Amino acid sequence: MADDDQSLLERARLGQPEALEQLLERHQAQVYRFGLKMCRDPEDAKDVLQDTLLSVARNIPDFRGSSSISTWLYSVARSFCIKKRRKSKFAPREAPSSLDGAAEQVVDPDRTADEAMASKQVERALEMAIGSLEPMYREVLLLRDVEGLTAPEVARVTGASVQAVKSRLHRARLSVRAQIAPLLGIPTGLPAAEGTCPDVLELFSSHLEGDINAQICAQMEQHIEACPRCKGACDSLKRTLSLCHAAAPATQIPVAVQASVKVALRNLLTGTA
């Protein structure tokens, strides 16, 4: 846990409301982002954010710091997302494209209009690909590849074993990669090397989790250098994961939502809720 978080947490547990409010405000964007991508509805994401922050505020004296504050927040947010899904009577609506805002805000002067349009198309495709995953796969991809938690941290959030998290993660990564690969501009239909190709996508994904020993890693690298097809496949997975990482700062909490949640939190802290 970062020193600043630790200091704020200690003061919050001593009953200093301003420290608690500052601590929760620091982490609210990640909670909203997770709720939006899991619930796929802005109104539900707002409810998840508010319910999560209020729940954590009520229970902060009982938090012992066995995990990071982020892990705890994700665990609480996940429980409210599950409740939202159970209460929903209809299929989720199409996910709002939270990445579009980032594409508009970050303007690359070296990109042509066609390149910018192609980039936005990839971003929309990524959003749709993540949204199409079943919740058990979507949550591990979001927590690991978008939010940057480790596999053991994801396991603590979801209540699954580390091995189950990694298995779901590999499947989610390959599914998303398959959907957006045609838009990445990486050549396809390339020739394969002589002999049988290993499952380089599974191996590369496992390598990212530290599950491939040095010998197998060296063999995989040697094969990729000699096999244009497998190199293209790995490049597309690398690009997919890079886009996932870039998605995190793209989602911002609407000003109206921030104001509403802040009022609810202050009402709780002042005893007027």
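Since the model is a prediction, treat every value here as computed from it, not as a measurement.

Q: Got a sec to walk through the nonpolar core? Specific residues and values, please.
A: Grouped together as the largest cluster of nonpolar side chains are 64 residues, with contacts concentrated most on L24, F34 and L49. Broken down by element, this core gets its largest block of residues, 10 residues, from helix α2 (residues 17-39). Discounting residues that sit within four places of it in the chain, L49 has contacts with Q28, V31, Y32, I253, V257 and V261. Listed in part, the 12 residues of the second largest apolar core include A193, V200, F204 and M220.

Q: Account for the packing of aromatic side chains, naming residues and giving values.
A: For the structure on display, the rule yields 2 aromatic pairs. Aromatic pair F34 and Y74: ring centres 5.7 Å apart, planes at 70°, arrangement edge-to-face. Placement of F34 in helix α2 and of Y74 in helix α4 (residues 69-87) is noted, with a sequence separation of 40 residues between them. The residues F34 and Y74 share a single accessibility class, namely buried. Aromatic pair F63 and W72: ring centres 4.5 Å apart, planes at 5°, arrangement stacked. For F63, a relative accessible area of 6% translates into the label buried. Classification of W72 by relative accessible area gives buried; the value is 16%.

Q: Outline the packing of α2 against helix α3 (residues 42-59), listing residues and values.
A: Relative orientation of the contacting elements α2 and α3 amounts to 145°, with a least axis distance of 8 Å. The hand of the α2/α3 crossing is right-handed. Mapping the contact onto sequence places L20, L24, Q28, V31, Y32, G35, L36 and C39 in α2 and P42, D44, A45, K46, V48, L49, T52, L53, V56 and A57 in α3. Class assignment of the residues belonging to the contact of α2 with α3 gives a composition of 13 nonpolar, 3 polar and 2 charged.

Q: Report on the pattern of salt bridges, specifying residues and quantitative values.
A: When their charged atoms lie close together, side chains carrying opposite charge are able to pair. Using the criterion set out here, one finds 13 salt bridges in the structure. Note that K262 and E25 form a salt bridge whose closest N and O atoms lie 3.7 Å from each other. With K262 in helix α13 (residues 255-269) and E25 in helix α2, this pair connects stretches of sequence that are 237 residues apart. Take K262: its relative accessible area is 34%, and that puts it in the partly exposed class.

Thresholds applied
Residues numbered from 1 in each chain as written. Predicted model: local features only at pLDDT ≥ 70, side-chain atom pairs only at ≥ 80, totals over all residues. Heavy atoms only, no water. Core = buried A, V, L, I, M, F, W, Y, C linked by side-chain atoms within 4.5 Å. Buried < 20%, exposed > 50% of the residue type's maximum accessible area, 1.4 Å probe, protein only. Helix = DSSP H or I, 4+ residues; strand = E, 2+ residues; numbered from the N terminus. Contact = heavy atoms within 4.5 Å. Phe/Tyr/Trp six-rings, centres within 6.5 Å; stacked < 30°, edge-to-face > 60°. Axes fitted to C-alpha atoms, helices over the stretch in contact; angles between N-to-C directions. Left-handed = near helix turned anticlockwise from the far one by under 90°. Nonpolar A, V, L, I, M, F, W, Y, C, P; charged D, E, K, R; others polar. Salt bridge = Lys/Arg side-chain N within 4 Å of Asp/Glu carboxyl O.

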